[in-house]
Amino acid sequence: IIAQFVPANLTGSDAHAWNINGRYTFPMGFHAGVYYEQLKWSFNYGTSVAGVAPAASNVTGLDKTTYRLDGTYQTGPHTIGLIYNKQGNIGGSTLGAGFNGSDTGVWSWQVAYGYSLSKRTTVFAYYNDVTNDRNASAQGTTFAGVVPAVGGDPLYYGFGMRHSF
């Protein structure tokens, strides 16, 4: 959406976020959680050296809403988890008008399994499926320098071991 952003012309910015989340533990090892977040950014731009405002300078604000539902079940050394995440389309404003942030939403789900070998050592495996709308490129899992193509749907799976010293 904001192609050709020129950071040198940024004269100020402000970001605000709020979230609410909760978790409930049911009897017999089941935990359920819910999370809701709203993000808002505002930008102030100067002009470029040639006196012409950059293309992105018309954008004065962005906002995005996200929610997540998750659950885990633990019995003995076994833990099974499921997460569903939905990010809405980016909304925003420009100098004097709004803009269309359609098809910038993302949804993902993850399933994971962990097995406790001891109180300090756990082995685990996970599967994470991210679905980007046509104009989105969310990763779902962070890898430095690796970004999916716009509209691409990354899929991750892995396994590992965690040990607390």
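Residues numbered from 1 in each chain as written. Predicted model: local features only at pLDDT ≥ 70, side-chain atom pairs only at ≥ 80, totals over all residues. Heavy atoms only, no water.

K.L.:
Is there a simple way to think about the pairing of strand 7 (residues 106-116) in this case?
P.N.:
Consecutive side chains along a regular strand alternate between the two faces of the sheet. In this sheet, strand 7 lies alongside strand 4 (residues 78-87) in antiparallel orientation, the contact comprising 10 bridges. Paired with Thr79 across the strands is Gly114, a residue of strand 7. In the sheet, strand 7 pairs with strand 8 (residues 121-132) via 11 bridges, with the strands oriented antiparallel. Within strand 8, the residue paired with Val106 across the bridge is Asn132. (Pairing = 2+ DSSP bridges. Helix = DSSP H or I, 4+ residues; strand = E, 2+ residues; numbered from the N terminus.)

K.L.:
Looking at this model, I keep getting lost on the pattern of salt bridges. Mind explaining?
P.N.:
Side chains that differ in sign of charge can pair as their charged atoms come close. Applying the stated criterion to the full structure yields 3 salt bridges. Arg23 is the partner of Asp70 in a salt bridge, and the nearest nitrogen-oxygen pair spans 2.5 Å. Of this pair, Asp70 sits in strand 3 (residues 59-75) while Arg23 is found in strand 1 (residues 10-25), placing the two residues 47 residues apart along the sequence. A salt bridge links Asp103 to Arg134; the nearest nitrogen and oxygen atoms lie 2.3 Å apart. Here the residue Asp103 occupies a position in the loop between strand 6 (97-98) and strand 7, and Arg134 occupies one in the loop between strand 8 and strand 9 (155-163), the gap between them amounting to 31 residues. Members of the salt-bridge network, linked through shared partners, are Arg23, Arg68 and Asp70. (Salt bridge = Lys/Arg side-chain N within 4 Å of Asp/Glu carboxyl O.)

K.L.:
How should unusual backbone geometry be read in this particular structure?
P.N.:
In most cases, non-glycine residues show a negative phi, while peptide bonds are predominantly trans. With a phi close to 70°, Met28 is a non-glycine residue in the positive phi region. Note on placement: Met28 falls in the loop between strand 1 and strand 2 (30-45). The class for Met28 is exposed, based on a relative accessible area of 72%. Located in the positive-phi region is Asp103, a residue other than glycine, with phi close to 60°. (Buried < 20%, exposed > 50% of the residue type's maximum accessible area, 1.4 Å probe, protein only.)

K.L.:
For this particular structure, what's the right way to read a nonpolar patch on the surface?
P.N.:
Together, Tyr24, Phe26, Phe30, Tyr73, Ile80, Leu82, Val111 and Tyr113 make up a nonpolar patch on the protein surface, roughly 730 Å² of accessible area in all. Relative to the helices and strands, Val111 resides in strand 7. (Patch = residues over 30% accessible without salt bridge, like charges linked within 9 Å, V, L, I, M, F, W, Y side chains within 5 Å. Areas by Shrake-Rupley, 256 points an atom, 1.4 Å probe, with all protein chains shown as cover.)

K.L.:
Sorry, what's going on with the packing of aromatic side chains here?
P.N.:
Aromatic ring pairs: the centre-centre distance and the angle between the two ring planes describe each pair. Evaluation of the coordinates by the stated rule reveals 6 aromatic pairs. Centroid distance Trp18 to Tyr36: 5.5 Å. Interplanar angle 50°. Geometry classified as tilted. Remark: Tyr36 occurs in strand 2 and Trp18 occurs in strand 1; sequence separation between them is 18 residues. Here Phe26 and Phe30 contribute two aromatic rings whose centre-to-centre distance is 5.5 Å and whose plane-to-plane angle is 35°, an arrangement assigned as tilted. For Phe30, a relative accessible area of 34% gives the class partly exposed. Among the aromatic side chains, those forming a connected cluster through ring pairs are Tyr24, Phe26 and Phe30. If you follow Arg68 out to its NZ or CZ, it ends over the ring of Tyr35, 4.8 Å from the centre. (Phe/Tyr/Trp six-rings, centres within 6.5 Å; stacked < 30°, edge-to-face > 60°. Lys NZ or Arg CZ within 6 Å of the ring centre and 35° of its normal.)

Geometric descriptors of this kind do not, in isolation, establish any biological role.
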